[in-house]
Amino acid sequence: MNDFPAQSPSGMKQRRRAFAWQPESDTLIALATLLAFSLCYYAGTSINSLFLWLGILVFGTAIPLWTVLCQRRETLAGVGITRKFLLTSLAVSLVLGAGSAYQLFALSNAMGADFASHLVANFLVLWEPFFVFGWLYLRWERAFGWLPAIVLTGLGFMIQHLGSVQLEAAAGFGVFAIMFAIAFSLVRNLAVLWPLFYPVASGIGTLQAGFVMGWGDAGISAIVLVLQLAIFWWINKKAKSLPAA
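Quick look at the structure, then. Because the structure is predicted, anything quoted here is derived from the model rather than measured. (Residues numbered from 1 in each chain as written. Predicted model: local features only at pLDDT ≥ 70, side-chain atom pairs only at ≥ 80, totals over all residues. Heavy atoms only, no water.)

### Remarks on the packing of helix α2 (residues 49-71) against helix α9 (residues 215-241)
Where α2 meets α9, the axes come as close as 10 Å, and the angle between the chain directions of the two elements is 20°. Taken together, the axis directions place α2 and α9 in an arrangement best described as roughly parallel. The interaxial crossing formed by α2 with α9 has right-handed handedness. Where α2 approaches α9, its residues Trp 53, Ile 56, Leu 57, Thr 61, Ala 62, Leu 65, Trp 66, Leu 69 and Cys 70 are matched on the opposing element by Ile 220, Ile 223, Val 224, Leu 227, Gln 228, Ile 231, Phe 232, Trp 234, Ile 235, Asn 236, Lys 238 and Ala 239. In the contact of α2 with α9, the residues fall into 17 nonpolar, three polar and one charged. (Axes fitted to C-alpha atoms, helices over the stretch in contact; angles between N-to-C directions. Helix = DSSP H or I, 4+ residues; strand = E, 2+ residues; numbered from the N terminus. Parallel < 35°, antiparallel > 145°, perpendicular 65-115°, else oblique. Left-handed = near helix turned anticlockwise from the far one by under 90°. Contact = heavy atoms within 4.5 Å. Nonpolar A, V, L, I, M, F, W, Y, C, P; charged D, E, K, R; others polar.)

See below:
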């Protein structure tokens with residue numbers, strides 16, 4: 001199995017391009033999961049949280065992993081889980097997270113939120129950076145180049161939140177996603193975002209949107225994370241059992 005996207009199917013190394021036109025089946029699958037997940041996100045915040053769970057586990061985790069590991073026969077690097085640039089990614093993430101921590105602390109105090117429970121609840125959210133950057137961004141980059149991928153990631157993140165928050169807040173989330181995508185595009189390693197930076201940034205964003213998370217929310221996030229990791233384990237095990245392509 002070849003790491004994505006260091007090599008082409010022919011084995012030739014590929015040079016990253018600012019612009020490209022190479023959409024494949026996974027490009028369409030990525031678009032479909034974005035639209036389906038956005039509907040689940042809206043239903044989960046307006047009807048029943050079970051819709052959000054469905055979106056996270058099916059459209060945000062299982063389908064992306066199955067597509068990359070089993071259909072395309074790539075490694076976990078194809079969703080941003082790799083040792084490449086790991087220490088650099090962690091160092092950058094630590095600096096960004098530490099630099100934003102005071103803003104989260106001040107905002108928590110101003111809104112009367114419990115800083116610890118709100119941070120832990122956001123710390124346990126692996127699904128969002130995985131889906132938005134490990135899955136969607138890397139599909140957009142391969143299909144259209146890294147520059148359109150950054151813009152499309154921001155647009156997709158805004159679409160994901162439409163109807164769940166005010167339009168102004170959704171647009172603000174899209175701008176933040178563009179900033180995160182720039183950082184991610186440099187290393188294509190999820191460690192540059194999670195777990196040291198994204199929880200702080202997400203904590204700030206959720207408070208600004210009016211969502212205060214307590215220990216009950218942290219417990220739900222923990223359950224979702226465990227289920228997501230179980231899906232990771234099962235699909236990765238299934239992929240390794242497949243006959244060589």
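### Thoughts on a nonpolar patch on the surface
Together, Ile 47, Phe 51, Leu 54 and Val 58 make up a nonpolar patch on the protein surface, roughly 340 Å² of accessible area in all. With respect to the secondary-structure elements, Val 58 resides in helix α2. (Patch = residues over 30% accessible without salt bridge, like charges linked within 9 Å, V, L, I, M, F, W, Y side chains within 5 Å. Areas by Shrake-Rupley, 256 points an atom, 1.4 Å probe, with all protein chains shown as cover. Salt bridge = Lys/Arg side-chain N within 4 Å of Asp/Glu carboxyl O.)

### Here's the deal with unusual backbone geometry
A cis amide bond links Trp 194 to the next residue, Pro 195, at an omega of 15°. If you check the backbone angles, Phe 85 has positive phi at about 60° while not being a glycine. Here the phi dihedral of Arg 188 falls at roughly 50°; this positive angle occurs in a residue that is not glycine. The residue Arg 188 is located in the loop between α7 (167-187) and α8 (198-208) in this model. Residue classification places Arg 188 among the buried residues on the basis of a relative accessible area of 17%. (Buried < 20%, exposed > 50% of the residue type's maximum accessible area, 1.4 Å probe, protein only.)

### Overview of the environment of Ile 81
Along the chain, the position of Ile 81 falls in the loop between α2 and α3 (86-111). Exposure remark for Ile 81: the relative accessible area of 34% places this residue in the partly exposed category. Note: C-alpha distance between Ile 81 and Ala 171 (90 residues apart in sequence) is 28 Å. The residues contacting Ile 81, other than those within four sequence positions of it, are Leu 76, Leu 190 and Phe 232.

### Some words on α9
Taking 1.5 Å of rise per residue, 27 residues should cover 39 Å, and α9 covers 39 Å from first to last C-alpha, within 8% of that figure. For α9, every residue scored as buried is listed here: Ala 218, Ser 221, Val 224, Leu 225, Gln 228, Ile 231, Phe 232, Ile 235 and Ala 239. Considering only its buried residues, α9 is in contact with α2, α4 (115-123) and α5 (127-144). (Expected span 1.5 Å × (residues − 1).)

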